[in-house]
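# Summary of structural features
Each chain, letter by letter, is given below.
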Amino acid sequence: MAPRASQQGDCCVHGPGPGPGPGPGWRAVGGGGEPIHGEASCSYLPLRKRLSVDGKCSAPRICIWECDGEAGDITCDIVAAPMRRSCSARAMPPPPVPLFRRMMTPPPSRPRPPPPAREAVEATPARRPGETISKGHRSYGLMLNLQLGISYSVGKSSALPFRKLSPSDFDPREKVWTRFPPEGSKLTPPHHSVDFRWKDYCPAVFRHLRKLFGVDPADYMLAICGSDTLRELASPGKSGSCFFVTQDDRFMIKTVKKAEVKVLIRMLRSYYEHVCRYKSTLLTRFYGTHCIKQAGCPKVRFIIMGNFCCSEYKIHRRFDLKGSSHGRTIDKAEQKIDETTTLKDLDLDYAFHLQRFWYEELMKQIQMDCTFLETQGIMDYSLLLGVHFRNDFSKSKIGVSQSVGLPKSTGKRKSFEGGGDVCELCFMESGCKDRDFIIDSRKPLVQLGKNMPAQAERRSKRVLDKFLLNERHLFITTPNGASRDVYLFFGIIDILQDYDITKKLEHAYKSFQVNPGFISAVDPKLYSRRFQDFIRRVFIREQ
């Protein structure tokens, strides 16, 4: 056994491992520093020292010894002081620089190339529509009550086992009232808002709808009830409803009238069957219907739905299209129009060329959805259309070059958790030969109504006016500008208005002023036919 050296001595004897003696990377020296052989007393020095241990920066050493006791016992001493002169000797000089290195002229320093500049449109952050609701805002109390109710309802339903729907779940009388006192109760937490009551309409059905549309309960609650507050949007219509949107733009909350809630609950069973059958439906996706009642205040009813214009791309233009002409323009100067402005039918100055496959799928789905709304007696709905004008940066983001035509299809895919077929294409690597356009090796999906590539052809507004005012719905025009590559986002909104006595009186009154075919308030059958004709003129199939 090697004797244990003291930290006070002049040298240290290092044991390399299990056996006695030095390891292969050590050499033995005598008192004069000459190499020795044999059993003489010696010290072991490393053949080449590392700067981190033996250089200017002092670092602790670890000495491992075998004890005099039982075999296999090991003692580890950590020596924090620098190595002794007799043990470390002189530090090894750095290796000489090779001759060819000294003869070479150092290369001139080159400035680092700047990152590729994006277009000014993309470099400027998109202006997010709406006003953030903070403390002191007129809707702050309503937002707190809404967040408390949503967190309670979704949390309670998620704790229950998922079961199949029964006919009683669609009953209009299927509603749950819950009281939220400020001090809290056995079911509700304490809060800083006022005392209010919360009502859930058909909670089991909407839980199934959220699952069908692929909405995770945790994400749903976090988006609405998280630390980020909601934003209030200016109402684009004449209904007087208030619109709220989450900070991630995924969900919209709209205050509605009692009649609209009745229409939704009445057609809820048919709506559920329709979205289960047609997974690529363009109808509004409903996630919940609720009501808030405060003492001394009227009831506030609202619905939670998906946002069709939720996209990682900037929406440059928004259109609300009904296919009618009377009053279908905005009263706003052209220089004041921005991406937050919702334009109408007479403001549309584009026609969109779709690939043949997408055009046929769009027309089939529009026909299915309009037939459903017609059977439910619904009218006055519209197509919400968001347009993103593409550039080089957005092309690289979506992963498709302009030279690529219709991508190869992997067949039908399951888009929702409920399963089934959905009209959705996956871009294959064989269809995208330019791999520079692929980001993070992800294969982007183009869905009906989302991320749809198209060619926007500029049209004259006067020609579009003639189309809307022409009973034969002719749309024969000459393009007055070059086409532009765009991505389209769209869906059918405002599907809770039936042809009731109010709309019938509106139709009779306006018929004395203008042609009855030009106004929005018409019979659901006529409305459906006119709406589909208008869609066929706005979207054109590529030859």
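Residues numbered from 1 in each chain as written. Predicted model: local features only at pLDDT ≥ 70, side-chain atom pairs only at ≥ 80, totals over all residues. Heavy atoms only, no water.

## Looking at the confidence of the model for the protein
Quick reminder of the rule: The pLDDT score gives, residue by residue, the confidence of the prediction method on a 0 to 100 scale. What counts as a helix is a DSSP run of H or I of at least four residues, what counts as a strand is a run of E of at least two, and both are numbered from the N terminus. Contacts are assigned to residue pairs with any non-hydrogen atoms lying within 4.5 Å of each other.
Model confidence for the protein is summarised by a mean pLDDT of 73, while 62% of its residues fall at 70 or above. Mean pLDDT across the elements of the protein bottoms out in strand S17 (residues 424-426) (40) and peaks in helix H9 (residues 268-277) (97). A low-confidence stretch, residues 63-76 stays under pLDDT 50, and its non-local contacts, those more than four residues away or across chains, total 30 contacts. For residues 392-444, every residue scores under 50 in pLDDT, and the model assigns this stretch 100 contacts once sequence neighbours within four places are set aside.

## Some points on the sheet that holds strand S14 (residues 342-343)
Across a sheet, strands are paired by hydrogen bonds formed along the backbone, either parallel or antiparallel in direction. Operational definition: At least two bridges found by DSSP between two strands is the condition for calling them paired.
Ordered by their spatial adjacency, seven strands build an open sheet running S14-S13-S16-S20-S19-S15-S21, and the pairing between neighbours is mixed. Single-partner strands in this sheet number two, and they are S14 and strand S21 (539-541). Bridge analysis of strand S16 (residues 382-389) against strand S20 (residues 484-493) gives eight bridges, and the strand direction is antiparallel. The partner of His 388 across the bridge, within S20, is Tyr 487.

## Description of a positive patch on the surface
Put simply, the rule is: Patch criteria: residues need more than 30% relative accessible area and no salt bridge. Like-charged residues are merged within 9 Å; nonpolar side chains of Val, Leu, Ile, Met, Phe, Trp and Tyr are merged within 5 Å. For every accessible area listed, the method is Shrake-Rupley and the probe measures 1.4 Å; residues are considered covered only by the protein chains on display. A pairing counts as a salt bridge when a side-chain nitrogen of Lys or Arg comes within 4 Å of a carboxyl oxygen of Asp or Glu. In this tally, Asp and Glu contribute negative charge and Lys and Arg positive charge; neither His nor the terminal groups of the chain are included. The location of each charge is read from NZ of Lys, CZ of Arg, CG of Asp or CD of Glu.
Residues Lys 175, Arg 197, Lys 258, Lys 262 and Lys 299 make up a contiguous surface patch of positive charge. Looking at the secondary structure, you find Lys 299 in the loop between strand S11 (286-294) and strand S12 (300-306).

## Some words on the packing of helix H6 (residues 203-212) against H9
Just so we agree on the cut-off: Interaxial angles span 0 to 180 degrees and are taken between N-to-C directions of axes, which are lines fitted to C-alpha atoms, for helices over the stretch in contact. The scheme is simple: roughly parallel for angles under 35 degrees, roughly antiparallel for over 145, roughly perpendicular for 65 to 115, oblique for anything else. Each crossing gets its hand from how the near helix is turned against the far one by less than a right angle, where anticlockwise is left-handed and clockwise is right-handed. Gly is placed with the polar residues, together with every amino acid not listed as nonpolar (Ala, Val, Leu, Ile, Met, Phe, Trp, Tyr, Cys and Pro) or charged (Asp, Glu, Lys and Arg).
Put simply, H6 and H9 touch, their axes get as near as 11 Å, and they point 20° apart. Classified by the angle between their axes, H6 and H9 sit roughly parallel to one another. The crossing of H6 and H9 is left-handed. Judged by residue contacts, Val 205, Phe 206, His 208, Leu 209 and Leu 212 of H6 engage Leu 268, Tyr 271, Tyr 272, Val 275 and Cys 276 from H9. Its residues assigned to classes, the contact of H6 with H9 comprises nine nonpolar, one polar and no charged.

## Observations regarding the nonpolar core
One recurring pattern in soluble globular proteins is that nonpolar side chains are buried together. Our working definition: By nonpolar core is meant a set of buried Ala, Val, Leu, Ile, Met, Phe, Trp, Tyr and Cys residues that side-chain atoms within 4.5 Å join together. Note on classification: 1.4 Å probe, protein chains only; a residue is buried when its accessible area is under 20% of the maximum for its type, exposed when over 50%, partly exposed between these limits.
Ranked by internal contacts, the top residues of the largest apolar core, which has 95 residues, are Leu 209, Phe 352, Leu 488, Ile 492, Ile 495 and Phe 539. Among the elements that line this core, the one with the most residues is helix H10 (residues 356-375), at eight residues. Residues within four places of Leu 488 in sequence aside, it is in contact with Phe 352, Leu 354, Leu 385, Gly 386, Val 387, Gly 449, Lys 450, Asn 451, Met 452, Ala 454 and Phe 539.

## Focus: the side chain of Thr 246
For the record, the criterion: Two N or O atoms form a polar contact when they lie within 3.5 Å of each other; inside protein one atom must be a possible hydrogen donor and the other a possible acceptor, and for residues adjacent in sequence the pair counts only when both atoms belong to side chains.
Tracing the sequence through the fold places Thr 246 in the loop between strand S9 (243-245) and strand S10 (251-256). Side chain to side chain, Thr 246 and Asp 248 meet in a polar contact 2.5 Å long. For Thr 246, the side chain forms a polar contact with the main-chain nitrogen of Arg 250, separated by 3.4 Å.

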